Amino acid sequence: MKKLNYYLGAAASLLLAVAMSAGMTSCSNADNPADGPVTPVQPKAKLIIKEFNVSGGYKTIADNKNYSWCKGLVLYNNSEVQAKVKNLAIGTIPPGNAHANNGNYTEEGKLNYEDADFIPMIYGIWYLPTELTVEPYSDVVIAVNGAIDHSTIATGAFDLSKPEYHAMYDPASPYINASAYPEPAAGISADHYWKAAVFGLGNAWAISVMCPNFILFQFPEGVDPATYCADAANAWYDGGKETAANYCVKIPKAWVIDGVESYRIGYIEDGSSKKRVPATIDAGYGLYNSNKGYSLYRNVDKTATEAIADNAGKLVYGYDQAVEGTEDASGIDAAASIKNGAKIVYLDTNNSSNDFHTRADWSLK
C-alpha cells in the first residue's frame, strides 16, 4: 500500500560511492559502450503499516469488567535502507465502520473522491513533529490509547510501556479523556509523544474497533500540520453534510505513504461493507472484528525473505496464528523468526486482501 518512499541521505549516498570505488558496483563504459556510464538506482526506504490491534475483548483483573483501552499500531521499515522522516502522520477516512451508511458514493456506485487528488480525514490526525529514524527491517510501535503496561490491568492485554515505544498523547489538545490517554510510562521520552491536530468533536480520537482504516502520510517540509488542518480552505464534509460532526480535512494523495482498509467479518457477503480507502491506495480489504483481541497482521513475502542470505537457519516455519479462515501462505512465523534474528520482508501489493491476515493475538507479546 505504499505511495511515497524515502531516499538515502547524504551519508548513505557517500557509502554507496565508496562501495563503487571499491569495485562493489560496476558501471564502466566497457560494460555499456553505447549508452555511456549508468548511474546506479538508489535504494529507497519503505515505511508500511505492519499491524494493528484495536479490537478490545479483554477483562479487567480486578473486577472482570470489559476493557477496551489497549490499542496499538505498528509501523515497519520494509527495506534494507534507513528511513528518516519528519511530520509523519496517521489519520482515518470516514465513515467509522465500513458497513455503516456511506454517503460518499455517487449514483453510479463510485466513491466521490476516488479520482480526486485528495482523501478526507475525519475527527483529527496524529503527527510526530520530531524526525523519526527507522532502521532497516525495524518496527515503530505506537500506543493508540495508553502507553502503559495494560497487562497489569486486564487479562490478555499487552504491554505498551517499553521505552522505545511511541504514544499518541497530547494533553494540550482537546483529546484529554483520562481513560484513553493516561500519562505514558516514565521510560517513554517526550520526543516519542505524537501530537494531535483536532478538527472534529469529542475528547478522544474515534476509531472503529470492528473494521478501522488507517492512512499513513507525511506533511511536506514547510507545511505545519496544525496550521494546515485549521485552514478552512482544506475543509470537506462527510456525506456532504456541513455539520461539525461531519467536518473533515483534505489530505493530498501525494502525501500518502501507506493505507489499510478493513471490513468487519460477517458484513461482507451481504454487500453492506463499502470501501472508504480509494483503490489507488488500497485495492482490497483485510478482515477484522471487535472484542476478539485480534490483530490485522501483514503477510510475509516468502521469496524476498528467503533471499536474504543472513536469514539462513533463522526462519521459523509452521505459522499457526491466522484465524477466521485467513492465512499467511508463506508459512513463515514472522514474529518467531524476528526473535530468532531474521529480517522479514512483508508483502506490499497495494491490496489488503492479499497483504494481510487476521491474527489471533498481538504479535509483540
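The shown structure was predicted, so the numbers you read here are calculated from the model rather than taken from an experiment. (Residues numbered from 1 in each chain as written. Predicted model: local features only at pLDDT ≥ 70, side-chain atom pairs only at ≥ 80, totals over all residues. Heavy atoms only, no water.)

**Student:** Report on unusual backbone geometry, specifying residues and quantitative values.
**Tutor:** In this model, Pro94 is joined to Pro95 through a cis peptide bond whose omega is -5 degrees. Along the polypeptide, Pro95 turns up in the loop between strand E7 (83–91) and strand E8 (118–122). Positive phi outside glycine occurs at Asn87, with the angle close to 60 degrees. Topologically, Asn87 is positioned in strand E7. By relative accessible area, Asn87 is classed as buried at 12%. Although it is not a glycine, Asn291 adopts a positive phi angle of roughly 60 degrees. By secondary structure assignment, the location of Asn291 is in the loop between strand E19 (286–288) and strand E20 (295–298). (Helix = DSSP H or I, 4+ residues; strand = E, 2+ residues; numbered from the N terminus. Buried < 20%, exposed > 50% of the residue type's maximum accessible area, 1.4 Å probe, protein only.)

**Student:** Describe in detail empty space enclosed by the protein, supporting the description with residues and values.
**Tutor:** Applying the stated rule across the entire model yields 1 cavity of 30 Å³ or more. Within this model, the largest cavity holds a volume of roughly 40 Å³. As for the largest cavity, its lining consists of Thr92, Ile93, Pro95, Gly96, Ile122, Tyr123, Ala206, Ile207, Ser208, Pro212, Asn213 and Arg276. For the lining of the largest cavity, a count of residues per class yields 7 nonpolar, 4 polar and 1 charged. (1 Å grid on protein atoms, 1.4 Å probe; cavity = no way out; pocket = protein on both sides within 12 Å on 5 of 7 lines; lining within 4 Å. Points joined across faces, edges and corners; volume = space filled by probe spheres on them. Nonpolar A, V, L, I, M, F, W, Y, C, P; charged D, E, K, R; others polar.)

**Student:** Report on the nonpolar core, specifying residues and quantitative values.
**Tutor:** One finds Leu88, Ile90, Trp205 and Phe214 to be the most contacted residues of the largest nonpolar core, which totals 54 residues. Apart from the residues lying within four places of it in its own chain, the contact partners of Ile90 are Leu73, Ile125, Trp126, Ile142, Met168, Trp194, Trp205, Phe214, Ile215, Leu216 and Phe217. Of all hydrophobic cores here, the second largest spans 27 residues; its members include Tyr113, Phe118, Cys229 and Ile281. (Core = buried A, V, L, I, M, F, W, Y, C linked by side-chain atoms within 4.5 Å. Contact = heavy atoms within 4.5 Å.)

**Student:** For the packing of aromatic side chains, give the residues involved together with the corresponding values.
**Tutor:** Summed over all chains, the structure comprises 20 aromatic pairs. Ring centres of Tyr297 and Tyr346 lie 5.9 Å apart, and the angle between their planes is 80 degrees; this geometry places the pair in the edge-to-face category. On the criterion of sequence distance, the pair formed by Tyr297 in strand E20 and Tyr346 in the loop between helix H4 (334–339) and helix H5 (352–355) is long-range, its members being 49 residues apart. Taken as a pair, Tyr297 and Tyr346 share a single burial class, namely buried. Following the ring pairs from residue to residue traces out a cluster consisting of Phe52, Trp205, Phe214 and Tyr288. Its end group placed over the ring of Tyr105, Lys274 keeps NZ or CZ at 5.5 Å from the ring centre. Directly above the ring of Tyr297 sits Arg359, whose terminal nitrogen or CZ lies 5.5 Å from the centroid. (Phe/Tyr/Trp six-rings, centres within 6.5 Å; stacked < 30°, edge-to-face > 60°. Lys NZ or Arg CZ within 6 Å of the ring centre and 35° of its normal.)

**Student:** Before we move on, could you go through the sheet that holds strand E10 (residues 139–145) and cite the residues and values that matter?
**Tutor:** Taken in spatial order, the 11 strands of this open sheet run E17-E14-E7-E9-E13-E12-E10-E6-E3-E20-E21, and their pairing is mixed. Looking at strand neighbours, the two that pair on one side only are strand E17 (256–260) and strand E21 (356–359), the edges of this open sheet. Ignoring which end each strand starts from, the neighbouring axes of this sheet average 25 degrees apart. Here strand E12 (residues 166–168) runs beside strand E13 (residues 193–198); their pairing, made up of 2 bridges, is parallel. The partner of Met168 across the bridge, within E13, is Trp194. (Pairing = 2+ DSSP bridges. Axes fitted to C-alpha atoms, helices over the stretch in contact; angles between N-to-C directions.)

**Student:** Explain the side chain of His150 to me, and be specific about the residues and the numbers.
**Tutor:** By the secondary structure assignment, His150 is in the loop between E10 and strand E11 (154–155). Not counting chain neighbours up to four residues away, the residues in contact with His150 comprise Tyr67, Trp69, Cys70, Asn145, Ala157, Phe158, Asp159 and Leu160.

**Student:** Can you tell me about the pairing of E10, naming the residues and giving the values?
**Tutor:** In regular strands, side chains alternate between the two faces of the sheet. E10 sits mainly inside the fold: 6 of its 7 residues count as buried. Pairing geometry for strand E6 (residues 71–77) and E10, over 6 bridges, is antiparallel. Following the sheet pairing, Lys71 is matched in E10 by Asn145. Here 2 bridges tie E10 to E12, and the two strands are oriented parallel to one another. By the bridge assignment for E12, Ala143 is matched with Ala167.

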